[in-house]
Amino acid sequence: MPQSFNNDKWLFHYQICLAFSVIFFFFTFLDVYIVTQKIVSSPVGWMLPYWLLTAPLFYKKKIKLPPPYILLWCLGYLLIVFTSYFVFPTSEISFRALIDRSFSVIFLLVTTSLMMNQKVQDRVRISLVIAILIGVFNNCYQISRADTFAGLVEGRAAGLYMDPNDCAYALVIGMILTVSLFPQEFRIPWILIIGIGVALTFSRGACLCWILVVTLLILTRIITYKQANLWVLVLGGLLLGVTIFGSDSGLANDLGNGDLFERLDGIIHGETLDDPSAVERKGIMGKAWEMFLDYPVFGHGIGSTSDYSITGFSVSTHNMYLLHAAEYGFIGLPILPLAIRAFTEQAFGETRKIANIFTLFILFSSLFSHTVLDQRSYLIAFALMGAMSVTSKSRQRAW
């Protein structure tokens, strides 16, 4: 018995360490950053080593598979993906999409299984707090030293994520999953800290998502109305300060990141509606809609929205709904709603409030992003939300 107890204890600590690694390596995008910057590389990628590291836990039955409805969604999604690949003409792009989406489903299943323990979930959420603080700090530091991280967009903070939009959405979804950890008096400071990190990315979609999530936190009383009044005053002061600093080109130059303030000035005066990024997004979304209308039943096939020879654009749809409609037709439309339903099905009590906010955030952010079911920060959030939902009833009884 003592030997068995020691083994169980070490396996539990091993599970905790592995869960921490998922947050600090995958959620922060450190895995992508170190490869992109040629710091470290893996000839087999990072997914295979991660899956192999979880194998002892499955073998010893210390972690179990997710509930049937999550497994059913994953199998259904894989069926659509593989059918689309084999029915339509194949290409390097479609094969890459097949591999990426298959790996995403396996990553989702393994990570959900890893987090199907209340104690693990609590520690994962604490590690998320630390990861978010690192992300916000990196954004703030990058504003004063623009060459610190090799971002994809000049003048916008992104930290290790390199893409400002990826960074901003990760911060917002992290806020949803961590805000209830804090006592009431610390929740407003926490969302304001994250709000600063999101604002520095100048991601319009993510800023709207942050406002939506904060509004929902107020309506669900996760944040009290009394605190909400304070939030409005603080937010107003921050906006006034940003406006004043944004008009001071001398200060912008002193901060060494004048492009950021040029973007801010454009947002204030509505000029970003016609910037190249917005025009490109409008064009690819229009093309995706045309693709759906041309083949509304089965779509153009997996990966087609990323194929320049088909769309004439070097980027995809920036919209999850249009991507599924254009690539899979009507069959693809329920993929995202059913995913949300599967991973929030059993949410109960306080977790149900978080699940409702999570649901609306995913549905809304999918209007601005086409990587909701591919990007690891989103997948980790789905996994943690699914695990929290499964254990929510027993957690509520414990309280």
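Sequence order as written defines the numbering, with residues in each chain counted from 1. Totals for whole chains, interfaces and linings use all residues, but because this is a predicted model, local features are given only for residues with pLDDT of at least 70 and pairs of side-chain atoms are given and counted only at 80 or more. Side-chain figures throughout are based on the complete set of non-hydrogen atoms in the structure, without hydrogens or water.

(A) Summary view of the environment of Thr351. Within the secondary structure layout, Thr351 lies in helix H17 (residues 350-365). Buried means the residue's accessible area, taken with a 1.4 Å probe over protein chains only, is under 20% of the maximum for its type, while exposed means over 50%, and partly exposed covers the values in between. According to the relative accessible area criterion, Thr351 is buried, its value standing at 8%. A C-alpha to C-alpha distance of 9.0 Å links Thr351 and Lys393, two positions 42 residues apart in sequence. Whether two residues touch is decided by their heavy atoms; if any such pair falls within 4.5 Å, the residues are in contact. Sequence-distant contacts of Thr351, defined by excluding residues within four places in its chain, comprise Met385, Met388, Ser389 and Ser392. In DSSP terms, a helix is any run of H or I states spanning at least four residues, a strand is any run of E spanning at least two, and both are numbered starting from the N terminus.

(B) Spatial organisation of the packing of helix H9 (residues 204-219) against H17. With their axes 10 Å apart at the nearest point, H9 and H17 run at an angle of 160 degrees to one another. As summarised for this structure, H9 and H17 are arranged roughly antiparallel, according to the angle between their axes. Between H9 and H17 lies a crossing whose hand is right-handed. Facing H9, whose interface residues are Leu208, Cys209, Leu212, Val213, Leu216 and Leu217, H17 presents Ile357, Leu360, Phe361, Phe364 and Ser365. Per-class residue counts for the contact of H9 with H17 are 10 nonpolar, 1 polar and no charged. Here an axis means a line fitted to C-alpha atoms, over the contact stretch when the element is a helix, while the angle between two N-to-C directions is reported on a 0 to 180 degree scale. Our angle categories are set so that under 35 degrees counts as roughly parallel, over 145 as roughly antiparallel, 65 to 115 as roughly perpendicular, and the remainder as oblique. Crossing handedness is defined as follows: a turn of the near helix away from the far one that is anticlockwise and smaller than a right angle gives a left-handed crossing, while the clockwise case is right-handed. Following the grouping adopted for this structure description, the nonpolar residues are Ala, Val, Leu, Ile, Met, Phe, Trp, Tyr, Cys and Pro, the charged ones are Asp, Glu, Lys and Arg, and the polar ones are all others, Gly among them.

(C) Up close: the packing of aromatic side chains. Each pair of aromatic rings taken from Phe, Tyr and Trp, with Trp reduced to its six-membered ring, is defined by centres within 6.5 Å and is described as stacked if the planes are under 30 degrees apart, edge-to-face if over 60, and tilted in the remaining cases. Per the stated rule, a full pass over the model turns up 21 aromatic pairs. Ring centres of Trp51 and Phe103 lie 5.1 Å apart, and the angle between their planes is 70 degrees; this geometry places the pair in the edge-to-face category. Here Trp51, found in helix H3 (residues 47-59), pairs with Phe103, found in helix H5 (residues 92-114); they are 52 residues apart in sequence, far enough to count as distant. Within the aromatic cluster, the residues linked to one another by ring pairs are Phe25, Phe26, Trp46, Tyr50 and Phe107.

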